[in-house]
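Understanding the architecture of this molecule
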Amino acid sequence: MHIVMVEDFFHPSAGYQLNVLCPYLVKFGHKIHIVCGEMDLFPEYLTGFFGTDDIPKRDLDYQKSTGVEIIRIPLKGYISGRAIMSSQVFKVVKQLHPDVLFVHDNDSYTGMQFIKWQRKNRYPLVLDSHMLDIASHNRLAGLFRLYYRMMITPLIVKNRNTVIRTVDDPFILKYYHIPKEQAPVIGFGSDVLRFHEDSVIRREMRKQYAIGENEFVVVYAGKLDEYKGGIFLAQALQKKFDRPITFIIVGTASESNRTEIERLFKKSENRILRFPTQVYRDLPKWFQMADLAVFPRQCSLTFYDVLACGLPAIIENNSVGKERASACEAAFAFEAGDEDDFRKLIMTMANLPVQQKNQLKAAAKQYILENYNYEEQARKYEGILKKEYEKPRNLGES
């Protein structure tokens, strides 16, 4: 199949859904285009983490390494968390003439425009949703949800569009009234060919940074903004722990809090090694050298990658964190915003007997292999896209 992905924000150095899914679909034999926005109008909190320098070169490197082609469209603006793509996006999609159109974020401005676009264009359309109750905070949310239920959901129902939920959360069922049978769940996962335990890399990385083989190492890799708990993490690591622990912090702080976060890290009584944001393909070595991963606030997709490398994970007890901690023996939830509880869990993990640490390591890897091997997740996406492609078309008819 020729599959065209439409995504407002796509960064070739990231490890988001499309960065991982699209190469797998190419591996399965499909032709993939990503149609996305140019970077110039996106806010700093989106672009600052990976940077916007040399985007054409980075796009080209991604294309060469994956076989996925990237086409960028000018943005007209970025308003209230939503990118406004120019009408050129529709012309480009028509020129590409896809077998299946996969538009990401069903409630983005672009997503809603493509749902309406079906009236005149009969391309098979699949959508997805990344929304959670905890991620949705806007004073106009009630009005927007009413508009969506009245104007957009009837089109989704009429055209029998599938809206894939990337997290098992009832948000789009509850607020948009999208039928459950049209909203299957396909979770995330880890590319286990890339993310796995590697004792050789562990020794090499520890030697490079003068870390003893038996020293306990904790890693955090990700954004350091308010949503990911950057300040909370820096504050929680101020006081010395009761035993030597080395903290590996990988990621660039957002411009608004960078000075304060770096000041706190430098002031810490613990050993903290700071590294800038890494491209996705270089992340495994930072996990392979560590013993434990922490997620001070919102738990990103990196959760699956650290488990695949054999690391237990400490996560916040929000709704997603509770679900993950209850499902995985190697995940442990701390009380949100409680530095003492966070530190206590780190110390508990550091003081576990070697045998118990090895049991958690095995449990982490097994959990991913049995439930979140990304190749299996990608096959589920492929199945839905293929089903949509083969479905009889009657779009636009009354």
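Keep in mind the model is a prediction, meaning the values are calculated, not measured. (Residues numbered from 1 in each chain as written. Predicted model: local features only at pLDDT ≥ 70, side-chain atom pairs only at ≥ 80, totals over all residues. Heavy atoms only, no water.)

1. What about the nonpolar core?
Where we set the bar: Among buried residues, the Ala, Val, Leu, Ile, Met, Phe, Trp, Tyr and Cys ones that are joined through side-chain atoms within 4.5 Å form a nonpolar core. The buried label goes to any residue with under 20% of its type's maximum accessible area, the exposed label to any with over 50%, and the partly exposed label to all in between, with areas taken from a 1.4 Å probe on protein chains only.
Counting 97 residues, the largest nonpolar core has Met-5, Ile-248 and Ile-346 as the members making the most contacts within it. Core analysis: the next-biggest nonpolar cluster, separate from the first, contains 37 residues, Trp-117, Leu-127, Phe-171 and Tyr-175 among them.

2. Describing the packing of aromatic side chains
Geometrically, a pair of aromatic rings is defined through the distance of the ring centres and the angle of the planes. What counts, and what does not: Pairs were defined over the aromatic rings of Phe, Tyr and Trp, the Trp ring being its six-membered one, requiring ring centres within 6.5 Å. Orientation was assigned from the angle between planes: stacked under 30 degrees, edge-to-face over 60, tilted for the rest. Both a distance and an angle decide whether a charge sits over a ring: NZ of Lys or CZ of Arg must be within 6 Å of the ring centre and within 35 degrees of the ring normal.
Within this structure, the stated rule accounts for 29 aromatic pairs. Their ring planes at 90° and their centres at 5.4 Å tell us that Phe-171 and Tyr-176 sit as a pair that is edge-to-face. By relative accessible area, which is 1% here, Phe-171 ends up buried. Here Tyr-176 falls in the buried class, since its relative accessible area comes to 1%. Of the aromatic side chains, those joined through ring pairs into one cluster are Phe-144, Tyr-148, Phe-171, Tyr-175 and Tyr-176. Across the ring face of Phe-144, the terminal group of Arg-82 is positioned such that the distance to the ring centre comes to 4.4 Å. One residue, Arg-379, lies across the ring of Phe-28, its end atom 3.6 Å from the ring centre.

3. Quick word on the pattern of salt bridges
Close approach of charged atoms allows side chains of opposite charge to pair. Put simply, the rule is: The term salt bridge refers to a pairing of a side-chain nitrogen on Lys or Arg with a carboxyl oxygen on Asp or Glu at a separation within 4 Å. Helix and strand definitions here come from DSSP, where helices need a minimum of 4 consecutive H or I residues and strands a minimum of 2 consecutive E residues; each element is numbered from the N-terminal end.
For the structure shown, the criterion picks out 16 salt bridges. Where Arg-263 meets Glu-260, a salt bridge forms, and the shortest distance between an N and an O atom there is 2.9 Å. Of this pair, Arg-263 and Glu-260 both sit in helix H10 (residues 258-267), 3 residues apart, which is roughly one turn of the helix. Residue Glu-260 is classed as partly exposed on the basis of its relative accessible area of 34%.

4. Details of the packing of helix H4 (residues 88-96) against helix H5 (residues 109-117)
Two quantities define a packed helix pair, namely the angle between the helix axes and the distance between the axes. The following threshold applies: Angles run from 0 to 180 degrees between N-to-C directions of axes, and those axes are lines fitted to C-alpha atoms, restricted for helices to the stretch in contact. If an angle is under 35 degrees, it is roughly parallel; if it is over 145, roughly antiparallel; if it lies from 65 to 115, roughly perpendicular; otherwise it is oblique. For any pair of crossing helices, the crossing counts as left-handed if the nearer helix is rotated counterclockwise from the farther one by less than a right angle, and right-handed if it is rotated clockwise. In this analysis, two residues are considered to be in contact whenever any of their non-hydrogen atoms come within 4.5 Å of each other. Under this grouping Gly is polar, as are all residues other than the nonpolar Ala, Val, Leu, Ile, Met, Phe, Trp, Tyr, Cys and Pro and the charged Asp, Glu, Lys and Arg.
Remark: H4 packs on H5, axes separated minimally by 11 Å, with the N-to-C direction vectors making an angle of 55°. With respect to H5, the element H4 is oriented oblique. Two packed elements cross with a definite hand, and for H4 against H5 that hand is right-handed. Packed against H4, whose contacting residues are Val-89, Phe-90, Val-93 and Lys-94, the element H5 presents Gln-113, Phe-114 and Trp-117 at the interface. By residue class, the composition of the contact of H4 with H5 is 5 nonpolar, 1 polar and 1 charged.

5. Regarding the sheet that holds strand S11 (residues 271-275)
Short version of the rule: Strands pair, by our definition, only if DSSP identifies at least two bridges between them.
Overall, parallel pairing links the 6 strands, which are arranged S11-S10-S9-S12-S13-S14 in an open sheet. Both edges of this open sheet fall to S11 and strand S14 (331-334), since each of them pairs with a single strand only. With strand direction ignored, the average angle separating the axes of adjacent strands in the sheet is 25°. Two strands pair when backbone bridges link them, and strand S10 (residues 245-250) and S11 are joined in this way by 5 bridges, in the parallel orientation. The residue of S11 that forms the bridge with Thr-246 is Arg-271.

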